Amino acid sequence: MGATQVAQPKTNGKMALLAINTIRTLSIDAVQEAKSGHPGTPMALAPLVYTLWNRVMRFDPKDPIWPDRDRFVLSNGHASMLLWSILHLTQTQAVDADYERLGQPSVTLDDIRRFRQLDSRAPGHPEYHWVSGVETTTGPLGQGVATSAGMAIGERWLAAHFNRPGFEIFDYNIYAVCGDGCMMEGISSEAASLAAHLGLDNLCWIYDNNHITIEGDTNIAFTEDVAARFLAYGWNVLRVGDANDIARIERAFEIFRKTKGRPTFIVLDSHIGYGSPNKQDTPEAHGEPLGDDEIRLTKRGYGWPEDAKFLVPDGVYEHFQSGVGAHGAQARAAWTKLFADYRAKYPELATEIDLMQRRELPDGWDRNLPVFPADPKGIAGREASGKVLNILAQNVPWFLGGSADLGPSNKTTLKYDGAGSIQAVSPGGKNLHFGIREHAMAAIVNGLSLSKIRAFGATFFIFSDYARPAIRLSALMELPTIFVFTHDAMGDGEDGPTHQPVEHLASLRAIPGLITLRPGDANEVVEAYRYIMQLRHQPAVLALSRQPLPTLDRSKYASASGVAHGAYVLADAPGGKPEVILIATGSEVSLAIQAHEALLADGVRSRMVSMPSWEIFEHQAQEYQDSVLPPQVTARVALEQASSFGWERYVGRGGQLVCMKTFGASAPLKELQKHFGFEPDQVVAAAKKMLRKN
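Residue positions are given per chain, counting from 1 as you read along its sequence in written order. Confidence filtering applies because this is a predicted model: local features only for residues at pLDDT of at least 70, side-chain atom pairs given and counted only at 80 or more, and all residues used for totals across whole chains, interfaces and linings. As a rule here, side-chain values cover all heavy atoms of the structure and leave hydrogens and water aside.

Caption draft 1: Layout of helix 3 (residues 80-89). Within helix 3, 10 of the 10 residues are buried, leaving the element largely enclosed by the surrounding structure. Only protein chains enter the accessibility calculation, which uses a 1.4 Å probe; a residue whose area is less than 20% of its type maximum is buried, one above 50% is exposed, and one in between is partly exposed. Strands here are runs of E lasting at least two residues and helices are runs of H or I lasting at least four, both read from the DSSP assignment and numbered beginning at the N terminus. Of all the positions in helix 3, only Ser80, Met81, Leu82, Leu83, Trp84, Ser85, Ile86, Leu87, His88 and Leu89 are classed as buried. Backbone geometry just downstream of helix 3 places Gln91 in the positive-phi region, at approximately 55°.

This is the structure we're talking about:
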């Protein structure tokens, strides 16, 4: 069936149309060369991206990390050729991990020729840590728009904290392009609801309303009135009925910038695969190359040389230089001068901005961290965490966060004088109330981190399942985010197996680049935070107890500073020559200590190792690892109120595992510990069994 006939883009000049068609044909050629990809959306949205980048956004291609730049998020990341094309045509410059400009383009024409190939700076989806000019990694649909909400909260907080009369140091907008898939994913609804509640008038989502997904027309599964939904949230909803109408697109952005007190949602009606005679408005234009014959016909319709590949006509680079290049450079220069005057008048605030941009910490960031005295009754991990958070938030001005409606249970509420809450009328608070929105919470924490704010999010450990996709992206982007998860095992006994995490530690430990810590007492909690706060390129998860844990006597046992090594010898055999090693995390550390003491009393040379973090331990030199777990000592027992999955690497295939092999049950904690074998005599028996084997 032939394509629906639609009008050519309405522009005020031939050069604009030439630039738009350059974006389209680069996208078409790259997908065809790669033999995979999504050409249809770039073909449809080229006028939007051209207008936004060359006429609307404040962005300097020569300095893509300028702090007050507008942000662009491509939430429907499968259309990545839109981004690679515009980054190339604007000649956006590359920046390395140390925030140094490299004097070379972020995306070259050769990168586009090698779209989706190994080491190309034009991968299949936008990758934050890989390509300069990409503000966030997007791939799973909905993540981009949810992250953009975090960016918008971040800008509002930065403006509230740093701006002074006559000095609008932070005054940027966030633009996120999204599609039907983003609208169907639940995370976008969570984020949109919170964005409206917070009145984020610096946030604009542009919805590519093309009615096509992989399986066909959206009416097979998606018939809701999206505009009405966003009106109900409280967004300002606009509609542009023709994605080729540049003037109307630009006018919609003007309305967005004038709208106060609520975010803006632009419904943009488009034709996927625009200009393809046989594939426009079809699923085939979504996720597969057009094919050589169809490409020639499409280029003919664009008035393009039919056999030219990867063509950038004369004048196109210059057109972008005179557009975004010129006004971006002017805006950055004005900001740079303003910031110099700001530094002279507010040197301490300027220094804070400098430190934030480099992800560094202020002097004295760890002053007054608590030292907990030995106490057999102890304190819960969540309680110790709450005390540490309240100190860190006072020592680090840009440290903030909140919980998914569980602040009183997570103990994450910042209660010191002046902490305040982030609301529409008070965007500079320190407590962010995410509501019961775990998935969006984690993505928003990512957005805050991308804004260079040091942010944390919290919930029960069991609900990390809901947050896990965004946590994975945090690791992929190498962001120093913090996730505080309490009720880490069976301490929430009576609530039963739905609230008792079993497989969650193994699941999170499986994410590359993520640091997972399960501290064994209050002082290990302190040292866990001390380690986490110094991370610059790694996210961290804290799994904390609901119930009190004995605070160990550190004059008798090793210092909790061993947490910085991931695992350390907490208590040892006489002469440091063990015949059996007990390894434990979290609430099982005190249990292992009891078993260790019982073994010593029985004449068994036992070593007790606290291992709060596998990942940190494996970062240590082999010599250190062998000093903690001597290879010749093969009699080993691991204790953890979680799945045994993975513990074989530390105890060997023949080692003993006092772990969970099933889901939990509903009962008081002491009954559960007895039922599942988490008692000293069971551990002693397991250790002696290992010695008999050896």
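That shown, we press on.
Caption draft 2: Fine view of the pattern of salt bridges. Counted as salt bridges are all cases of a side-chain nitrogen of Lys or Arg within 4 Å of a carboxyl oxygen of Asp or Glu. On inspection of all chains with the given rule, the structure shows 29 salt bridges. When the shortest N-O distance is used, the salt bridge between Arg251 and Glu254 registers 3.3 Å. With Arg251 and Glu254 both in helix 9 (residues 246-258) and 3 residues apart, the pair spans about one turn of that helix. In this structure, Glu383 engages Lys411 in a salt bridge whose closest nitrogen and oxygen atoms are separated by 3.8 Å. Of the two residues, Glu383 is situated in helix 14 (residues 381-395) and Lys411 in the loop between helix 15 (407-410) and helix 16 (438-450); the sequence distance between them amounts to 28 residues. The partly exposed category is assigned to Glu383, whose relative accessible area is 32%.

Caption draft 3: How the structure looks around the side chain of Arg382. Within the element layout of this structure, Arg382 appears in helix 14. Residues scored as charged are limited to Lys and Arg (positive) and Asp and Glu (negative), so that His and the chain ends carry no count. An unpaired buried charge is present at Arg382: no salt bridge exists, and Glu383, the closest side chain of opposite charge, is 5.1 Å distant. Polar contact is defined as a pair of N or O atoms within 3.5 Å, subject to the rule that within protein one atom must be able to donate a hydrogen and the other to accept it, and that residues adjacent in sequence are counted only when both atoms are side-chain atoms. For Arg382, the side chain forms a polar contact with the main-chain oxygen of Arg546, separated by 3.2 Å. Leaving out residues up to four positions away in the same chain, Arg382 has contacts with Ser409, Asn410, Lys411, Thr486, His487, Leu544, Ser545 and Arg546. Residues are treated as being in contact if the distance between any of their heavy atoms lies within 4.5 Å.

Caption draft 4: Structural detail: the packing of helix 1 (residues 14-34) against helix 11 (residues 292-302). For helices, the fitted axis covers only the stretch in contact; all axes are lines through C-alpha atoms, and the angles between them, taken along N-to-C directions, range from 0 to 180 degrees. The interhelical angle for the contact between helix 1 and helix 11, taken along N-to-C directions, is 175°, at an axis separation of 11 Å. Between helix 1 and helix 11, the crossing angle belongs to the class labelled roughly antiparallel. Facing Asn21, Arg24, Thr25, Ile28, Asp29 and Gln32 of helix 1, the residues of helix 11 in contact are Asp292, Ile295, Thr298, Lys299 and Tyr302. Just so you know the grouping, Ala, Val, Leu, Ile, Met, Phe, Trp, Tyr, Cys and Pro go in nonpolar, Asp, Glu, Lys and Arg go in charged, and all remaining residues, Gly too, go in polar. For the contact of helix 1 with helix 11, the residue count by class is 3 nonpolar, 4 polar and 4 charged. We call two directions roughly parallel when the angle between them is under 35 degrees, roughly antiparallel when it is over 145, roughly perpendicular when it lies between 65 and 115, and oblique otherwise.

Caption draft 5: The sheet that holds strand 9 (residues 264-269), seen in detail. A pair of strands is treated as paired once DSSP finds two or more bridges between them. Pairing within the open sheet is parallel, and its 5 strands lie in the order 1-4-5-9-8. Each edge of the open sheet is held by one strand with a lone partner, namely strand 1 (71-74) and strand 8 (236-240). Along the sheet, successive strands turn relative to each other by an average axial angle of 20°, direction set aside. Of the strand pairs in this sheet, strand 4 (residues 174-178) and strand 5 (residues 203-209) are connected by 5 bridges, and their pairing is parallel. The residue of strand 5 that forms the bridge with Cys178 is Tyr207.

Caption draft 6: The arrangement of unusual backbone geometry in detail. Backbone geometry places Asp119, a non-glycine residue, at a positive phi of 70°. As for its placement among the helices and strands, Asp119 is situated in the loop between helix 4 (109-113) and helix 5 (143-162). The phi torsion at His487 lies on the positive side, around 60°, for a residue other than glycine. Along the polypeptide, His487 turns up in the loop between strand 13 (482-486) and helix 18 (504-509). Judged by its relative accessible area of 3%, His487 falls in the buried class.

Caption draft 7: Main features of the sheet that holds strand 17 (residues 568-571). One open sheet holds the 5 strands; their spatial order is 17-19-18-20-21, and the pairing between them is mixed. Looking at the sheet topology across the chains shown, the edges are occupied by strand 17 and strand 21 (656-660). With strand direction ignored, the average angle separating the axes of adjacent strands in the sheet is 25°. Across the sheet, helix 20 (residues 588-601) is in contact with strand 17, strand 18 (580-584), strand 19 (606-610) and strand 20 (636-643); its angle to strand 19 comes to roughly 170°.

Caption draft 8: Here's a closer look at the environment of Arg605. Relative to the elements of secondary structure, Arg605 occurs in the loop between helix 20 and strand 19. Sequence separation between Arg605 and Gly575 is 30 residues; the distance between their C-alpha atoms is 9.3 Å.

Caption draft 9: Looking closely at the packing of aromatic side chains. Two rings from Phe, Tyr or Trp (for Trp, the six-membered ring) form a pair when their centres sit within 6.5 Å of each other. Planes less than 30 degrees apart are called stacked, planes more than 60 degrees apart edge-to-face, and all others tilted. This structure, assessed with the given rule, holds 30 aromatic pairs. Through a chain of ring-to-ring contacts, three or more aromatic side chains come together here, namely Trp205, Tyr207, Phe230, Tyr233, Trp235 and Phe265. In our convention, an over-ring charge means Lys NZ or Arg CZ found within 6 Å of a ring centre and within 35 degrees of that ring's normal. Between Arg164 and the ring centre of Tyr346, over which it is positioned, the NZ or CZ distance is 5.9 Å. The ring of Trp614 has Arg509 sitting right over it, with the charged end atom 4.0 Å from the ring centre.

Caption draft 10: Broad picture of the nonpolar core. In this structure, Met183 and Trp205 are the most contacted members of the largest nonpolar core, which totals 149 residues. Excluding residues that lie within four positions of it along the chain, Met183 makes contacts with Cys178, Ser188, Trp205, Tyr207, Phe222, Val226, Arg229, Phe230 and Phe265. Remark: nonpolar core denotes a set of buried residues (Ala, Val, Leu, Ile, Met, Phe, Trp, Tyr, Cys) joined through side-chain atoms within 4.5 Å. If you look at the next biggest cluster of nonpolar residues, it comprises 54 residues, including Leu52, Ala79, Trp84 and Ala122.

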